[in-house]
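Descriptive analysis of the structure
The lines below spell out each chain.
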Amino acid sequence: MKKLIIPVAALCLTLSGCAELQQVAQQLPQSVGVTNADIASGLREALDKGIEKQVSKLTATDGFYKNQMVKILLPEELQKVDSGLRKVGLGSLADEGLKVLNRAAEDAVKEATPIFVSAVKNMTFNDARNILLGNESAATSYLQTTTTTQLYAKFNPVIKSSFSKVGADTVWANIITKYNALPLVKKVNPDLTDYTTNKALEGVFKMIAVEEKEIRTNISERSSTLLQRVFALQDNKS
């Protein structure tokens, strides 16, 4: 089985505090000059390239809005709102409504990294083994299973607050009021906080999966001598 150390590398901030993961490291095949301390350092370095890299991208301005992989589009219920507003010359208002949803998601994702670190601290030996021996998205799947409930609880109030901060509540109140005033339309009243929270979660896990696959399969992602030496252990593991 090749390239199996990377998922843990994308997750573990402080391997020295993870007793079970130390046991895993001790069971890995040893290569000349590569110690367990090297493996721990390599995992921390990979974290900097993994979760931190992708979460930072998403929290930047336009991290969601200009990233077509994770850009939050309107829910089906509001697609007709968007179309209706554009037909009556209110396209700019529709565009602004979409942008503020993505701005709120960018704010919320700042809460993600501490929760990921906590999930790793609670990782059992079986968790670690399954990730090491898993498929190209094993680490992402582990994070989804262990953090989604906590992330939702963190994201939801941040998004609700962000709606107020970026003016999304006002924008969408205006949008929905104008749309509901159009003749012969079915009135709408969507829960945009819940919708945006779930879409923000989808975006985070999608980008982590992208990075996990890159580190597993792209040798050029091993940008230091330490990473090259540590990951070579897994490349050669059968």
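Residues numbered from 1 in each chain as written. Predicted model: local features only at pLDDT ≥ 70, side-chain atom pairs only at ≥ 80, totals over all residues. Heavy atoms only, no water.

1. Describing the overall build of the protein
Spelled out, the test is: Note on conventions: DSSP H or I runs of at least 4 residues are helices, E runs of at least 2 residues are strands, and numbering of each starts at the N terminus. Exposure categories follow from relative accessible area, calculated using a 1.4 Å probe and restricted to protein chains: below 20% of the type maximum is buried, above 50% is exposed, and the middle band is partly exposed. Should any heavy atoms of two residues lie within 4.5 Å, those residues are counted as being in contact. In these tables, accessible area is a Shrake-Rupley quantity obtained with a 1.4 Å probe, and a residue counts as shielded only by the protein chains included in the view.
Assigned secondary structure in the protein consists of 12 helices and zero strands. When the helices and strands of the protein are read in sequence order from the N terminus, they spell out α-α-α-α-α-α-α-α-α-α-α-α. Taken across its 238 residues, the protein has 50% of its residues classed as buried. The contacts in the protein between residues at least 6 apart in sequence include a share of 83% that link residues at least 24 apart. Working note: accessible area of the protein is about 11,400 Å², and carbon and sulfur atoms make up 51% of it.

2. Thoughts on the packing of aromatic side chains
The cut-off we apply is this: Pairing of aromatic side chains here covers Phe, Tyr and the six-membered ring of Trp, requires ring centres within 6.5 Å, and sorts the geometry by plane angle: under 30 degrees stacked, over 60 edge-to-face, intermediate tilted. Only when the NZ of Lys or the CZ of Arg is both within 6 Å of the ring centre and within 35 degrees of the ring normal is a charge said to sit over the ring.
By the definition in use, this model includes one aromatic pair. Each ring, one from F116 and one from F205, has its centre 6.4 Å from the other, and the planes form 55°; the classification is tilted. Within this pair, whereas F116 is found in helix α7 (residues 112-121), its partner F205 is found in helix α11 (residues 192-217), the two being separated by 89 residues in sequence. With relative accessibility at 1%, the residue F116 sits in the buried group. Between the NZ or CZ atom of K71 and the centre of the ring of Y65, over which it lies, the distance is 4.6 Å.

3. Details of the nonpolar core
As a reminder of what qualifies: Put simply, a nonpolar core is a bunch of buried Ala, Val, Leu, Ile, Met, Phe, Trp, Tyr and Cys residues held in one set by side-chain atoms that sit within 4.5 Å of each other.
Membership of the largest hydrophobic core comes to 45 residues, with the highest contact counts inside it found for F64, F116, L143, L151, F155 and W172. Elements with a contribution of two residues or more to this core: α4 (51-59), α5 (76-87), α6 (91-108), α7, α9 (138-165), α10 (168-180) and α11. Once residues lying within four places of it in the same chain are set aside, the contact partners of F155 are A108, V109, E111, A112, T197, A200, L201 and V204.

4. Considering the side chain of D107
Mapped onto the elements of the fold, D107 is located in helix α6. Excluding residues within four positions of it along the chain, D107 makes contact with V158, S162 and K165.

Keep in mind that these numbers describe shape and distance, not what the molecule does.
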